[in-house]
Structure formats: C-alpha cells, structure tokens
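Chains, contacts and geometry: an overview
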Amino acid sequence: MVNAEQARKHVALAILLRVALKISTLLTEILKTDPNDLYLVLCHSAPYKVLRSGPMSRATGVASFIAEAISRGPNMGTVLVITSGKGGVGKTTSTAALGAALAQDGQEVVVVDFDVGLRNLDLVMGAERRVVFDLINVVNGDAKLSQALIRDKRLETLSILPASQTRDKDALTDEGVARVMGELREKFDWVICDSPAGIERGATLAMRHADIAVVVTNPEVSSVRDSDRIIGLLDSKTEKAAKGERIEKHLLLTRYDPVRAERGEMLNVDDVLEILSIPLLGIIPESPEVIRASNVGSPVTLNNAGSAPARAYLAAAKRLKGEAATADPSGKKGLLSRFFWKRAA
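Analysis parameters
Residues numbered from 1 in each chain as written. Predicted model: local features only at pLDDT ≥ 70, side-chain atom pairs only at ≥ 80, totals over all residues. Heavy atoms only, no water. Helix = DSSP H or I, 4+ residues; strand = E, 2+ residues; numbered from the N terminus. Buried < 20%, exposed > 50% of the residue type's maximum accessible area, 1.4 Å probe, protein only. Contact = heavy atoms within 4.5 Å. Areas by Shrake-Rupley, 256 points an atom, 1.4 Å probe, with all protein chains shown as cover. pLDDT = per-residue confidence, 0-100. Pairing = 2+ DSSP bridges. Axes fitted to C-alpha atoms, helices over the stretch in contact; angles between N-to-C directions. Core = buried A, V, L, I, M, F, W, Y, C linked by side-chain atoms within 4.5 Å. Left-handed = near helix turned anticlockwise from the far one by under 90°. Nonpolar A, V, L, I, M, F, W, Y, C, P; charged D, E, K, R; others polar. Salt bridge = Lys/Arg side-chain N within 4 Å of Asp/Glu carboxyl O. Expected span 1.5 Å × (residues − 1). Arc of directions from axis to C-beta.

What to know about the overall build of the protein
Counting secondary structure elements, the protein contains 17 helices and eight strands. In the protein, buried positions account for 47% of the 345 residues. In the protein, the share of contacts with a sequence separation of at least 24, taken over all contacts with a separation of at least 6, comes to 73%. Roughly 17000 Å² of accessible area belongs to the protein as shown, and the carbon and sulfur atoms make up 52% of that amount.

In structure tokens, the structure reads:
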C-alpha cells in the first residue's frame, strides 16, 4: 500500500523526469536510447501509470511522439537563407563571407548552393575542382550527404554542399530537400542557403526551411522593390509561415557608397529601411576587394580580413549571433551605428 510519503516521492520523481527531458545536456544521452525503452522509463512515474492500462498501440503512439519531440532537441542547427528577388546583388558573395566569418568564430557551418544549373558558390569558395557529388545527388538518394560535402581547406569548421551544374531546379523534390535540411541541422550549427534569384521553385525551396532570412539588396529602386516582394514570400511560403509563425528577417545592404548616396545618386540607408521595414544587419561598402576575393576563390573575410567589406561582414556575423557590433566599416566610429537593428517607422 502506498503511503503519503511515497506518493510525494512519485510526484517529485515525475516532475524531475519531465524537467530532465528539457535539459540539453541530457537530451544527447536520451537520443541514444531506444524510444520504447524511454517510454517504459517514463511510465514508472505516477502520472504516466494510466498510460500502461491502454492498448499497446497507444503505448507505441506515445513512444513515437516522445522520440519525435526529442529528435527536435535544442542542439539542432539554425537554417539561414540568403535571398533577394534581383540577381547580381551579392547573395553568393554574402553567403561565402558570412559562412567563413561564422566558421572563423568556431561555429560549425555549411553553405548550400540552391542555384541549380547556375552554380557559383563553389567558385567563390575555391572548391570548383573538388566537386564530385552535389545537392541533387543527395536529394535524389544517389549519394550520401557525407559524400557530397566538401570541407574547406582553410577552415575545418566550414563546408560546402554544391549545386548541380547540369540539372535544373525541377530535379529538387520537397521531400528530398526536407530530408537533407534535417540531416544538415543535426551536423552543423549554421546551415546557410544561397538562394537563386527570382521567385520560382529554387528560391522558394531555399527559404522553405529557414529559421532566419537575410535579404540582400543594393541601394537602387528596382533591387529594393524586388526585395520587398521576397519579404512577402518569406511571410507566406516558409514552414514557419505555415505554422502561423513569423520568420526572423534582416537586411543586408550591399555595394553602398555614402558619398554617392549624399549626392542623391543612390538610395540612402533611411530610404531603404523605410521601404522594407526590417532590421538592418549590415552595410557592405562598394569595394574592389569583393571582386578580387571572388576571382581568387576566397571569401572576402578570409582573403583580406582587414578590408572594409570584410570588417562589415565580420560585424554582421556577430549580430547574427546576437552580439553587439556597430562599427562603421569605413573606420569612422559612430557614423553608421545609429542604423543597426533599426526598424523603419
């Protein structure tokens, strides 16, 4: 017969078990446990005893639910999409630069090229001669993810998953992309997706599983207008949108020249923020260093870390991690700090 003291112990044990399941340090060990064994452990606590009186199918359902919840534990990586409506604004350059910047800070990073048929990320990363298998091969099950991933020779924590050069975007399947993104989340801290230009299938698949979006735009009207359209797609075509959630969005303003903006030859930062109404992640200044780095197959943050665009990307990477970084890449302290993380009225 159970006395009051034993009953209190049962309740306390049940509470501790529920709390333990939410502690990240224990989740790693729990993942190694067979789901049915885990279910039996939980059923030893008083609140779960009632479950044992049900049919076996009920127990199996509970076990499956628990296993699925645990598999989505807090150790999963963050999926970041680099996107814009217009081509040539610097998405691929930004993917490589931000990926390298995060990897330099000790993060495990993979950059994924979704521009099937027009891949360029491997060139910017200096890995074009090392491509054997690609994203399409993995999506279609023709190769394992480990076979297609290319580890960067300069940074051990940076990898690339290249796109196919000979196939088209119709070869990407929803189920295959979801499976690959799930595998990448388990292996890396950051999964950075380089989206193709436009609003067609490749672009929507690149953003579908994203937790965070970086919208890249140039300070000119057509680029900003296309970016505004992309923001609308992010709020309607992603998995988060399907769940009624809002995806975290940030603005990366590239090829910016404050002198020309002052003369009215391009939009200024306030103009762009007012139109797009999303927080500013970074301002990348116009610089020949960007082209120079691309031509030698190196992210600008690795090729010349002291250059103005490299410093801007490094600061943007810190902001992605929630760290404060408001220095003006031109070296003039405080000149642009008022813009960062600003929302338009």
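From this point on, the discussion continues.
Here's the deal with the confidence of the model for the protein
Here the protein averages 81 in pLDDT, and 72% of its residues register 70 or above. Segment residues 33-73 is flagged for pLDDT under 50; beyond a separation of four residues in sequence, or across chains, it makes 36 contacts in the model. This model gives residues 340-345 a pLDDT under 50, and the stretch forms 22 contacts once residues within four places in sequence are excluded.

Overview of the sheet that holds strand β1 (residues 78-83)
Spatially, β3-β4-β2-β5-β1-β6-β7-β8 is the arrangement adopted by the eight strands of the open sheet, whose pairing is mixed. Among the strands making up the open sheet, the edge pair consists of β3 (150-151) and β8 (280-285). Of the strand pairs in this sheet, β1 and strand β6 (residues 212-217) are connected by four bridges, and their pairing is parallel. By the bridge assignment, Thr83 is partnered in β6 with Val215. Helix α14 (residues 269-276) contacts β6, β7 (248-256) and β8 of the sheet and is inclined by roughly 150 degrees relative to β7. Strand contacts of helix α17 (residues 308-320): β1, β5 (190-194), β6, β7 and β8, with the helix running at about 170 degrees to β8, the strand carrying the most contacts.

Some thoughts on the nonpolar core
Of all hydrophobic cores here, the largest spans 49 residues; its most connected members are Phe114, Leu161, Leu172, Leu184 and Val191. In contact with Phe114, other than residues within four places in its own chain, are Leu135, Lys169, Leu172, Val177, Met181, Cys193, Asp194, Pro196, Gly202, Leu205 and Ala206. With 37 residues, the next largest nonpolar core counts Ala97, Leu98, Ala103 and Leu155 among its residues.

Regarding the pairing of β5
Burial analysis of β5 places five of its five residues in the buried class, the great majority of the element. Neither face of β5 is left uncovered, since the one carrying Trp190, Ile192 and Asp194 and the one carrying Val191 and Cys193 both have all their residues buried. Two strands pair when backbone bridges link them, and strand β2 (residues 109-113) and β5 are joined in this way by five bridges, in the parallel orientation. By the bridge assignment, Asp113 is partnered in β5 with Asp194.

Thoughts on unusual backbone geometry
Its identity as a non-glycine residue notwithstanding, Arg255 has a phi of 55 degrees, on the positive side. Structurally, the position occupied by Arg255 is in strand β7. With relative accessibility at 44%, the residue Arg255 sits in the partly exposed group.

A closer look at the packing of helix α11 (residues 221-234) against α14
Viewed as axis vectors pointing N to C, α11 and α14 meet at an angle of 30 degrees, and their least axial separation amounts to 10 Å. Crossing of α11 over α14 shows right-handed handedness. Touching Val224, Ser227, Asp228 and Ile231 of α11 are Val272, Ile275 and Leu276, all from α14. Among the residues making up the contact of α11 with α14, the classes are represented as five nonpolar, one polar and one charged.

Points about the pattern of salt bridges
Here the structure, examined in full by the defined rule, presents 15 salt bridges. Of the charged contacts, one joins Arg201 and Asp174 as a salt bridge, the two residues approaching to 3.3 Å between their closest N and O atoms. Within this pair, whereas Arg201 is found in helix α10 (residues 201-208), its partner Asp174 is found in helix α9 (residues 174-187), the two being separated by 27 residues in sequence. Residue Arg201 is classed as partly exposed on the basis of its relative accessible area of 32%. For the salt bridge of Arg246 with Asp235, the shortest nitrogen-to-oxygen distance reads 3.5 Å. In this pair, Arg246 sits in the loop between α12 (239-242) and β7 while Asp235 sits in the loop between α11 and α12, placing the two residues eleven residues apart along the sequence. Arg246 sits in the exposed class, given a relative accessible area of 63%.

Some thoughts on the pairing of strand β4 (residues 158-161)
Here β4 shows a buried face lined by Leu158 and Ile160 and a second buried face lined by Ser159 and Leu161. As defined by bridge partners, β2 adjoins β4 across four bridges and the pair is classed as parallel. Looking at β4, one finds that Val109 is bridged to Leu158. Pairing between β3 and β4: two bridges, direction antiparallel. Bridge pairing in β4 links Arg151 to Ser159. What sits between β3 and β4 in their antiparallel hairpin is a turn of six residues.

Brief notes about α11
Taking 1.5 Å per residue, 14 residues should reach 20 Å; α11 reaches 20 Å between its end C-alpha atoms and fits that length. When α11 is considered as a whole, its buried residues turn out to be Ser223, Val224, Ser227, Ile230, Ile231, Leu233 and Leu234. An end-on view of α11 places all buried positions within 160 degrees of arc, on one side of the element. In α11, the exposed positions that point more than 90 degrees away from the buried face belong to Val221 and Arg225. The inward-facing, buried residues of α11 contact β1, α10, β6, α12, β7 and α14.

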